[in-house]
Amino acid sequence: MHQLLNIFDLKPGVRREKLNRAWDAFISHLMETDLAVSSSPVMDRTRPSGFDTDEERGHAFMAVISFRDKAQADAAWDAIETRAEPLGRLHRSLFAMVHDPVFTFWSVEEGQRS
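Reading the values: the criteria
- Residues numbered from 1 in each chain as written.
- Predicted model: local features only at pLDDT ≥ 70, side-chain atom pairs only at ≥ 80, totals over all residues.
- Heavy atoms only, no water.
- Helix = DSSP H or I, 4+ residues; strand = E, 2+ residues; numbered from the N terminus.
- Buried < 20%, exposed > 50% of the residue type's maximum accessible area, 1.4 Å probe, protein only.
- Polar contact = N/O pair within 3.5 Å; in protein donor to acceptor, adjacent residues only side chain to side chain.
- Contact = heavy atoms within 4.5 Å.
- Axes fitted to C-alpha atoms, helices over the stretch in contact; angles between N-to-C directions.
- Parallel < 35°, antiparallel > 145°, perpendicular 65-115°, else oblique.
- Left-handed = near helix turned anticlockwise from the far one by under 90°.
- Pairing = 2+ DSSP bridges.

*Asks:* If you had to explain the side chain of Ser-66 to someone new, which residues and values would you point to?
*Replies:* Residue position: Ser-66 is located in strand E4 (residues 61–67). Looking at Ser-66, the relative accessible area reads 6%, which means it is buried. A distance of 2.9 Å separates the side chain of Ser-66 from the side chain of Gln-3, its partner in a polar contact. Leave out the neighbours within four places in its chain, and Ser-66 touches Met-1, His-2, Gln-3, Ala-36, Val-37 and Ser-38.

Given below as C-alpha cells:
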C-alpha cells in the first residue's frame, strides 16, 4: 500500500465546511474511478502536544490518501497532471482553498509490522 500525507493551511476566508465538501467530492471521484482505495477525513492538528515534534511547520490540517500500490498512485498522478475531467476541476477547486501545502509519499509492504 502507498499513502500520501497532505499537510496544509487554509487560505484566508475559506470556511472549513467548504473545504470538507471539496475534499469529499475529490476523494469520492478518486475512489469511484479506481484511483485510490481510501482516505482519512481532513484532520485538525493538535498542538501543543508532546506527540507533535514538528517545529518547522505550523500547518493546521492534514489528510491521508491510500493507494493499493504505486501503479494506482501513478495513475492518479497522471490523471491530475493531464487535468482529466472531472478530476481536474475537482482538484483545482480543492487546491484553490489551501495555502502552503506539503506532500509526503510513502509505502508499506504487505504484511510489514514494526
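*Asks:* If you had to explain the side chain of His-29 to someone new, which residues and values would you point to?
*Replies:* Note that His-29 resides in helix H1 (residues 16–32). What makes His-29 buried here is its relative accessible area of 15%. Ignoring sequence-local partners within four residues, the contact set of His-29 consists of Pro-86, Leu-87 and Leu-90.

*Asks:* Run through the packing of H1 against helix H3 (residues 87–95), naming residues and quoting values.
*Replies:* Axis separation between H1 and H3 bottoms out at 9 Å; the angle between their running directions is 150°. Between H1 and H3, the angle is such that the two are roughly antiparallel. As H1 runs across H3, the sense of the crossing is left-handed. Across from Leu-19, Ala-22, Trp-23, Ala-25, Phe-26, His-29 and Leu-30 in H1, the residues of H3 making contact are Leu-87, Leu-90, His-91, Ser-93 and Leu-94.

*Asks:* Outline the pairing of strand E1 (residues 2–10), listing residues and values.
*Replies:* In terms of burial, E1 is largely enclosed, as nine of its nine residues are buried. Side chains of E1 alternate between two faces, with His-2, Leu-4, Asn-6, Phe-8 and Leu-10 and Gln-3, Leu-5, Ile-7 and Asp-9 buried alike. Pairing geometry for E1 and strand E5 (residues 98–107), over eight bridges, is antiparallel. Its bridge partner lying in E5, Leu-10 is registered against Val-98.

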